[in-house]
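Analysis of the macromolecular model
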Amino acid sequence: AGYYTNYYVKDANGADYIDANGQRVLENIIFPRRDRMTVENVVNVKYNFNNRSGLTFRVRHYWGKVEQKQFYDLQDDGTLKTTSHNDIAVQHRNFNLFNVDAVYTLQFAPGSFINIVWKDAS
């Protein structure tokens with residue numbers, strides 16, 4: 001038995017915070033207006049050899065992309081003003097993860113199991 005799942009989210013004109021050096025700290029706070037997209041695909045397969053042993057296999061790919069559009073400085077009164085910083089390090093980011101998990105399960109007595117697990121991430 002097996003199944004496939006897909007997850008897709010697009011957040012247009014979302015907000016976050018960074019400092020002037022592109023780090024997520026609370027000094028010289030800058031707010032970017034950005035587009036963010038997330039895609040996740042997962043394939044799960046399970047095969048039982050008999051009623052005491054089986055193999056489960058899972059493959060997952062995650063992709064996240066952020067495109068910075070405009071940057072704003074936080075004012076003392078809590079409003080945002082277009083930033084005067086022209087040297088902000090963070091512009092666009094692209095992030096990929098790929099995971100593979102395999103689990104062999106053997107039931108050797110009622111309620112007693114041995115699991116042999118292999119995982120890989122890149």
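As shown above, the structure is provided for reference.
Quick summary incoming for the structure in this document. (Residues numbered from 1 in each chain as written. Predicted model: local features only at pLDDT ≥ 70, side-chain atom pairs only at ≥ 80, totals over all residues. Heavy atoms only, no water.)

1. So, the overall build of the protein chain
Summing up its helical and strand segments, the protein chain has zero helices and seven strands in all. What you see in the protein chain, going N to C, is helices and strands ordered as β-β-β-β-β-β-β. Looking at the protein chain as a whole, 28% of its 122 residues are labelled buried. Summing over all exposed atoms, the protein chain offers an accessible surface of approximately 8700 Å²; the carbon and sulfur share of this is 53%. (Helix = DSSP H or I, 4+ residues; strand = E, 2+ residues; numbered from the N terminus. Buried < 20%, exposed > 50% of the residue type's maximum accessible area, 1.4 Å probe, protein only. Areas by Shrake-Rupley, 256 points an atom, 1.4 Å probe, with all protein chains shown as cover.)

2. Overview of a nonpolar patch on the surface
On the surface, a cluster of nonpolar side chains totalling about 350 Å² of accessible area is made up of Tyr 4, Val 43, Val 45 and Phe 57. Inspection of the secondary structure assignment puts Phe 57 in strand β4 (residues 53-74). (Patch = residues over 30% accessible without salt bridge, like charges linked within 9 Å, V, L, I, M, F, W, Y side chains within 5 Å. Salt bridge = Lys/Arg side-chain N within 4 Å of Asp/Glu carboxyl O.)

3. A few points about the pattern of salt bridges
Applying the stated criterion to the full structure yields five salt bridges. Two residues, Glu 40 and Arg 60, come together in a salt bridge whose shortest N-O distance is 2.4 Å. Pair noted here: Glu 40 is in strand β3 (residues 29-48) and Arg 60 is in strand β4, with a separation of 20 residues, a long-range link. Each member of the pair Glu 40 and Arg 60 is classed as buried. In this structure, the salt-bridge partner of Lys 119 is Asp 101, at a minimum N-O distance of 3.6 Å.

4. Details of the environment of Ala 109
Position of Ala 109 among the secondary structure elements: in strand β6 (residues 92-109). Once the C-alpha coordinates of Ala 109 and Arg 52 are considered, the two residues, 57 residues apart in sequence, prove to be 9.0 Å apart.

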